Amino acid sequence: MIETCNDTHCITCSDEGVAMRVLGLGSDGLASCVDDNGRWERIMTDLVSPVSPGDSVLVHAGVALVRLEPEARRA
Amino acid sequence: MRFVDEFRDAELGRALAAEILSVVEPGRHYKVMEVCGGHTHTIYKYGVDDLLPESVELVHGPGCPVCVIPMGRVDDGIAVAMEPGVIFTCFGDMMRVPGGDGTLLDAKAEGADIRMVYSPLDALRVARENPERDVVFFAVGFETTAPSTALTLMRAKAEGISNFFVFCNHVTIVPPLKALLESPDLRLDGFVGPGHVATVVGARPFEFIPSAYERPIVISGFEPLDVLQSVHMILRQIAEGRCEVENQYKRVVPYEGNPQALRVLAEVFELRPHFEWRGLGFISHSGLRLSSAYADFDAEVRYRVPGVRVADPKACQCGEVLKGVIKPWECKVFGTACTPERPIGTCMVSSEGACAAYYNFGRFVREKVEVLA
């Protein structure tokens, strides 16, 4: 079964920014992150490092592109 | 929903709509292009266009990375996927994008080992788990997804993984905007700029739009009020005789972008002399390939790809939709022969594609016009 695009996320290209919160850092350099819907993902944070648990980041295709200030999570 | 309600507030939307009405010049028609497919999706999901006066027309740009992939590149990907022993990985619905001779899904049905992944990092994990086989990742996307591919390749290199390859179809946003501005059949008054691409490249690369072409551009967020406010900012610039790059999405986008991301992209990729875009033809320095330092990971070096240019189906008008020359419902096959379930053109596959956005949110303007007539 092929998952299809829904109205909040394009899985064709995975090109959607998702605000996520850092939960912790693994020994492999990947960060455990969770979004507002409780979806959990391992994220590369090389482009916004250093990050700490509690930080918010904008994630595209498994990479944090920018650190979000608290008020920026409002969209 | 948490955090987003204030960016979807109907009262604020109506107030912004009234402000837009106050800055439009009577009798003038405005064409504003939203560059990014994410904006197209927002506009039709939330009905942003219904809040605009008739004189303000939103034109959908080439910012859906799947929609701009030419059929020949899909065929090239299928050719690599059919190589003996290859595990071919791609994002979900990429499997349904039609090439000249079927889709990746068809190739999978014929026996090719094609697997869906959520990120290049997933593809690298598949390579680690299958060291005896070549694992190829079909990389698509603009500057938002290219850093993910780049960082994954840097990891693969650092770990000494030798069975991971990338079939690179990454593209950059600025060259097609230049091509559109040079296009004689399209006169645009301003641009809603791509918010998340700008988190990487910043706002500076878009300065040529006001300086060389005298058009305003506003970097925009993706909530309905973001888009509405950005349209207002563009129209206000026009009304005040200004022409500049403005950043509506300051809460996320730094004007300088992400310098570390730009360094990573420069290390892993280099510009191709030219790259074909669906509907726009060949555009110079608009596509990325792996740099010589990463040639060992390049699927186009590892395998011979046919590289044949395939013309779009005659009935398909994706090219004109991508250039904003026609609306999706004006295409001859929209909603009849071409639907999200059985797409003929790329614009109907991805949720960010203009045709899929129209279709999924019931924008059958053609029917509406017939009823009114």
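Thresholds applied
- Residues numbered from 1 in each chain as written.
- Chains lettered and ligands numbered in written order.
- Predicted model: local features only at pLDDT ≥ 70, side-chain atom pairs only at ≥ 80, totals over all residues.
- Helix = DSSP H or I, 4+ residues; strand = E, 2+ residues; numbered from the N terminus.
- Rg over C-alpha atoms; globule rule 2.2 N^0.38 Å.
- Buried ≥ 20, exposed ≤ 12 C-beta atoms within 10 Å, placed from the backbone.
- Core = buried A, V, L, I, M, F, W, Y, C linked by C-beta atoms within 7 Å.
- Pairing = 2+ DSSP bridges.
- Axes fitted to C-alpha atoms, helices over the stretch in contact; angles between N-to-C directions.
- Contact = placed C-beta atoms within 7 Å.
- Expected span 1.5 Å × (residues − 1).

### Thoughts on the overall build of chain B
Here's step 1: A count of helical and extended segments in chain B gives 15 helices and 13 strands.
Here's step 2: For chain B, the C-alpha radius of gyration of 21 Å lies close to 21 Å, the compact-globule estimate for 373 residues.
Here's step 3: For chain B, the spread of C-alpha atoms along the three principal axes comes to 65 × 45 × 45 Å.
Here's step 4: Residues classed as buried in chain B amount to 54% of the 373 residues present.

### Some details on the nonpolar core
Here's step 1: One finds Ala64(A), Val166(B) and Val231(B) to be the most contacted residues of the largest nonpolar core, which totals 135 residues.
Here's step 2: The element best represented in this core is helix α10 (residues 224-239) of chain B, accounting for seven residues.

### Some points on the sheet that holds strand β4 (residues 113-116) of chain B
Residue and element names in this part refer to chain B.
Here's step 1: Pairing is parallel across the open sheet formed by four strands, whose spatial order is β4-β3-β5-β6. Two strands bound the open sheet, and with one partner strand each, they are β4 and β6 (164-170). Averaged over all neighbouring strand pairs, the angle between strand axes comes to 25°, with direction disregarded.
Here's step 2: Bridge count between strand β5 (residues 135-141) and β6: seven bridges; the pairing is parallel. If you follow phenylalanine 137 over to β6, its bridge partner there is valine 166.
Here's step 3: Packed on one face of the sheet, helix α6 (residues 146-159) meets β5 and β6 and runs near 160° to β6.

### Remarks on the sheet that holds strand β9 (residues 245-247) of chain B
Residue and element names in this part refer to chain B.
Here's step 1: As summarised here, the arrangement of the five strands in space is β2-β1-β7-β8-β9, forming an open sheet in which the pairing is parallel. Edge positions in the open sheet fall to β2 (56-63) and β9, since each of these has one partner strand only. Along the sheet, successive strands turn relative to each other by an average axial angle of 25°, direction set aside.
Here's step 2: With respect to the sheet, α10 is in contact with β1 (30-36), β2, β7 (190-194), β8 (217-220) and β9, its orientation differing from that of β8 by roughly 165°.

### Regarding α10(B)
Residue and element names in this part refer to chain B.
Here's step 1: Here α10 contains 16 residues, and its C-alpha end-to-end distance of 23 Å stays within 8% of the 22 Å for a straight helix at 1.5 Å per residue.
Here's step 2: Of all 16 residues in α10, 13 are buried; the element is thus mostly enclosed.
Here's step 3: Immediately beyond the C-terminal end of α10, within one or two residues, lies glycine 241, with a positive phi of roughly 75°.

### Here we look at the environment of Ala239(B)
Residues and elements named next belong to chain B.
Here's step 1: Mapped onto the secondary structure, alanine 239 falls in helix α10.
Here's step 2: Considering only alpha carbons, one finds alanine 239 and arginine 125, 114 residues apart in sequence, at a separation of 53 Å.
Here's step 3: Ignoring sequence-local partners within four residues, the contact set of alanine 239 consists of Val23 and Glu25.

### Focus: helix α3 (residues 71-81) of chain B
Here's step 1: In terms of residue burial, α3(B) counts as a mostly covered element, since nine of its eleven residues are buried.
Here's step 2: Lining the buried residues of α3(B) we find β3 (87-90), α4 (104-109), β4, β5, β6 and α12 (299-302) of chain B.

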